[in-house]
Amino acid sequence: MIAAERLRSAVSVDVGGALNLVGAVIKYLSLAFLFPTALALGYGEPAWLFLAGGAAAAAGGWGLERLTEGKERIGPREAFLVVALVWALAALVVAVPYVLADEPQLGPLDAYFEAMSGMTTTGASVLTDIEGLDRSLAMWRQFSQWLGGMGIIVLAVAILPRLRIGGRQLLESELPGPDVEKLSATIRQTARQLWILYIGLTAAAALVLALLGWTGADPRMNLYEAVAHAFSTLPTGGFSTRARSIEAFGPATQWAIAFFMVVAGVNFAFMYRALRRPGKLVRDEELRVYLIVLTLAAAVLVAALAGRGIYEGEGAVRHAVFQVVSIMTTTGFASADFNQWPIFAGMLLVALMFIGGSAGSTAGGIKVVRVLIVGRLLKRELDQTVHREAVIPVRFNQVAVDERTVRNVLAFVLLYVVVFVLGVLGLVVSEAVNTVRADLTWPEAVSAAAATLGNVGPGLGFLGPMGSYDSFAASSKAIMIALMWMGRLELIPVAVLLTRSYWRS
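**Some points on the packing of aromatic side chains**
Aromatic rings considered in pairs are described by the distance between their centres and by the relative angle of their planes.
Argument step 1. Summed over all chains, the structure comprises 24 aromatic pairs.
Argument step 2. Relative to Tyr502, the ring of Phe80 lies with its centre 6.4 Å away and its plane at 75°, an arrangement referred to as edge-to-face. With Phe80 in helix α5 (residues 76-94) and Tyr502 in helix α24 (residues 500-503), this residue pair connects regions lying 422 residues apart in the sequence.
Argument step 3. A relative accessible area of 21% means that Phe80 is categorised as partly exposed.
Argument step 4. By relative accessible area, Tyr502 is classed as buried at 4%.

Below, the structure written as structure tokens:
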């Protein structure tokens, strides 16, 4: 008893309260299994897989909630622990139907890899026969990306009244980007508005894609495919029900998906405000830079593809635009096998993986706003080298950025680079030691680390858009699971948990 009291006084983090909240979120996640259960019953496929998965989520979450207490006490410190644990456990729960399906392609580790890839909207897959999955299991795979896109923490804050306390800290710990833009008087209303917009855009994407099939513009697109690909487009996930990704569909579908990927890469909070005041669109610097980078990269790629005679006319424009948008928004869809393109094209796409989409979007990567701030900081340093007495603030949207925010951005970018380098080295060493892929090349290792940390999905070489992560050693898959998890959490919550000061008062 005395030892327990000493531990409680030494540890400033309310672990019990954090676990209590984690249990509540996982318990409510069990409701997500109703959708694939209904689908399995409709197609005459085994529904017990999803019933068992839902039961595991409900029982595990309820048990954890009953064994602990104090969710109403969580604050900024506990938010880091809550978000990190929720994502790790949510992926574990999502993996249950994969394991129970007795799918030869998905052993326990592979199932967790696929589930983590889905929940973090990475889109990296260990499957070698995607079209061999049951329709309900394939849709569950797509749906897991949709759940992870806007975030289960955001959903929990939106629907659970008891999460009003500490809700802002949870959102700031989970949503991509330097800060959370407040849309309403309460953070709960903000979360609801973000989810309403997310659901509306998903429904619009599904309707547009379905109409392409119904009107004959793309006979290969039906309602099932439309819903499945809307579920992975808006969260910038990249999973497809087809082995050849979006190459399996016609040009009209590829253009439609490219449009919605561009939309998904925009800050959702900003988008919500812009729908009411369209004038904000032309004044936002991050949006302008985002669109400029997309346009310039696509133009360069069009010139490369057309110059080499790989594609001509509309085909060159479509494939260049699609792949630039897909990679920069970290979606990971493919309209063609870019492994067959010139090496320059692959280098350009890997560079776009690091930039990513806008802050507050469902995209991964470093984020455009951070790249913009770092660029302006470098310019300031050069200017102050010449004019030593000048006081030059870093500005964004005509407003001076707080120096603490600038330091946070620099710290994040540095941490991102360090984790990326360690990830590359880890994969190279792992494959060399396990002799599974002793021939792993540096471009493949670099693209694998960049694609998983940035939540992009496909890489170069055997990891290309038509390839698979299946041939990696178990230890390498574990490294990439960790990279996907850290990338989705944007590193800081994980890094904070590893510091001694976090656990001590």
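Alright, that's what it looks like, and here's the rest.
**What about unusual backbone geometry?**
Argument step 1. Here Thr236, not a glycine, exhibits a phi torsion of approximately 50°, which is positive.
Argument step 2. Its location among the elements puts Thr236 in the loop between α12 (223-233) and α13 (251-264).
Argument step 3. Phi is positive for Thr330, close to 60°, though the residue is something other than glycine.
Argument step 4. Structurally, the position occupied by Thr330 is in the loop between α17 (313-328) and α18 (343-355).

**Some remarks on the environment of Leu64**
Argument step 1. On the secondary structure map, Leu64 appears in helix α4 (residues 48-67).
Argument step 2. Sequence separation between Leu64 and Gly16 is 48 residues, and the spatial gap between their C-alpha atoms is 9.7 Å.
Argument step 3. If we ignore the near neighbours within four places in the chain, the residues touching Leu64 are Leu19, Val22 and Gly23.

**Describing α18**
Argument step 1. For α18, spanning 13 residues, the distance from its first C-alpha to its last is 19 Å, which sits close to the expected 18 Å at 1.5 Å a residue.
Argument step 2. All of the buried residues along α18 are Ala345, Gly346, Leu348, Leu349, Val350, Leu352 and Met353.
Argument step 3. Looking at the buried residues of α18, the elements they touch are α16 (285-307), α17 and α21 (442-453).
Argument step 4. Of the residues one or two after α18, Gly356 is the one with positive phi, at around 75°.

How each quantity is defined
Residues numbered from 1 in each chain as written. Predicted model: local features only at pLDDT ≥ 70, side-chain atom pairs only at ≥ 80, totals over all residues. Heavy atoms only, no water. Phe/Tyr/Trp six-rings, centres within 6.5 Å; stacked < 30°, edge-to-face > 60°. Helix = DSSP H or I, 4+ residues; strand = E, 2+ residues; numbered from the N terminus. Buried < 20%, exposed > 50% of the residue type's maximum accessible area, 1.4 Å probe, protein only. Contact = heavy atoms within 4.5 Å. Expected span 1.5 Å × (residues − 1).

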